[in-house]
Amino acid sequence: MGVALTSFALLAVSARELLDTMEPVQFLFLRTAFGLPLLVPLALWLAPGFYRTERLPLHLLRNLFHYGGQVCWITAIGILPLALVFALEFTTPVWAAVLALFFLGERLNRGRVVALVLGVAGVLVITRPGVQPIDLGVLIGLAAAVGFAVSLTATKGLTRYDGVFTILFWMLAMQLLIGLVPALLVWQPVAGVDAPWLLVAAVTGISAHLGIAKAFQHADATVVLPMDFLRLPLIALVGALFYDEGLDPWVIAGAALIFVGNEYSLRRERRGSA
C-alpha cells in the first residue's frame, strides 16, 4: 500500500510538471504509450495468457469512463490545489455505491446509507455552495470521481472473470486507441526534458494499481482502504513544500467526513460477511 500511496503522489506531481507544456489528453496518451511496453514483459513473466478475456464489451465500458475520469482528474490537477483534487476523489466510493445499487443489484444497508450521507455532507463542506461560488475546477474534480466510480463498478464485475494484469493490459491498450485522436488534435512537440516525468507517470500509473491489488491480497479492505486516506496528508505536504499551496481546513474537514462514512460502511460490511 505504501507503493500505491507513493505512486499516486508521484503521478500527480508528474502531471502538474507536464501540464505547462501539453494538454491533459496528450499527457494521458503519452503516459499510456510509455506504460504499455513496461507492462507487457512484466505480465508475460507473472501472468502468461494475461491478454485473454471473454468480457471485451465490459472492458470497453470501463475504459471509456476511466479515460474520461482521468482526463478530468489531470485537468483538475492543473487548476486546483493537489489536496483538494484528492479530497474530491475520495467521493468515488460514494458514487460507486449508488451505481452498484442500480447496475449490480446490490442493496443499500445502514453502512452504505451512512457513507452516502456523510459523503454528500463532505462535498458540501468542501465546496460550501452559497458561501462561495462553485469553482469550475471543483466540478471537474467531482466529474472525475463519478467517472472513476463507473470504472470501479465495472472493475468489480470484471474481477469475477479476469485477473489484475488482464484488466491493466486492456486498460492501457484500449485507452491508447481511445486517446489517440484527442491527443493528435492538441499535439505539442515533446521536449527531451519532459521524458523523465513521462517515465515517472508511466511507471506510477502501473505501480499504483498493482500496489493496491497486492495490498488486497494480504489484508482486509477495512485495513487497506483507510490507509488510502493517507494520500491526502501526503499530497498536501507535497503541495505545501513544492508548490506553496496552503492547507484549507474546509478541505480537511470535508475529507474527514467522507472518510468516516467510508470506514463505517466498510466495518459494517465486514461484520455482515462474518
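Residues numbered from 1 in each chain as written. Predicted model: local features only at pLDDT ≥ 70, side-chain atom pairs only at ≥ 80, totals over all residues. Heavy atoms only, no water.

1. A word on the overall build of the protein
Item 1. When helices and strands are counted, the protein shows 13 helices and 0 strands.
Item 2. Ordered by position from N to C terminus, the α and β elements of the protein give α-α-α-α-α-α-α-α-α-α-α-α-α.
Item 3. Computed over its C-alpha atoms, the radius of gyration of the protein comes to 18 Å, within 12% of the 19 Å expected for a compact globule of 274 residues.
Item 4. Projected onto its principal axes, the C-alpha coordinates of the protein cover approximately 50 × 45 × 30 Å.
Item 5. Taking the contacts inside the protein whose residues are at least 6 apart along the sequence as the reference set, 89% of them involve residues at least 24 apart.
Item 6. In the structure as shown, the protein presents an accessible area of about 13,300 Å², 70% of it carried by carbon and sulfur atoms.
Item 7. Taken as two groups, the 17 positive and 16 negative side-chain charges of the protein have centres that lie 14 Å from each other. (Helix = DSSP H or I, 4+ residues; strand = E, 2+ residues; numbered from the N terminus. Rg over C-alpha atoms; globule rule 2.2 N^0.38 Å. Contact = heavy atoms within 4.5 Å. Areas by Shrake-Rupley, 256 points an atom, 1.4 Å probe, with all protein chains shown as cover. Lys, Arg positive; Asp, Glu negative; His and termini not counted. Charge placed at Lys NZ, Arg CZ, Asp CG, Glu CD.)

2. Notes on unusual backbone geometry
Item 1. The backbone of D244 sits at a positive phi, close to 55°, despite the residue not being glycine.
Item 2. Within the secondary structure layout, D244 lies in the loop between α12 (231-243) and α13 (249-273).

3. Some remarks on the packing of aromatic side chains
Item 1. Counted under the stated rule, the structure contains 7 aromatic pairs.
Item 2. Pairing W73 with F86 gives two aromatic rings, centres 5.9 Å apart and planes at 50°, and the pair type is tilted. With W73 in helix α3 (residues 56-79) and F86 in helix α4 (residues 82-89), this pair connects stretches of sequence that are 13 residues apart. Across the pair, F86 and W73 agree in class, each one buried.
Item 3. For the pair F90 and F229, a centre-to-centre distance of 5.4 Å together with 35° between the ring planes defines the contact as tilted. Note that F90 is positioned in the loop between α4 and α5 (92-103) and F229 in the loop between α11 (221-228) and α12, a separation of 139 residues in sequence. (Phe/Tyr/Trp six-rings, centres within 6.5 Å; stacked < 30°, edge-to-face > 60°. Buried < 20%, exposed > 50% of the residue type's maximum accessible area, 1.4 Å probe, protein only.)

4. Details of the nonpolar core
Item 1. By size, the foremost hydrophobic cluster in this structure holds 48 residues, and its most contacted members are F27, W73, F86, L232 and I235.
Item 2. Leave out the neighbours within four places in its chain, and F86 touches F8, A12, W73, R231, L232 and I235.
Item 3. Within the second largest apolar cluster, 15 residues are counted, among which are L36, A47, M171 and I206. (Core = buried A, V, L, I, M, F, W, Y, C linked by side-chain atoms within 4.5 Å.)

All quantities given are derived from atomic positions and should not be read as evidence of function.
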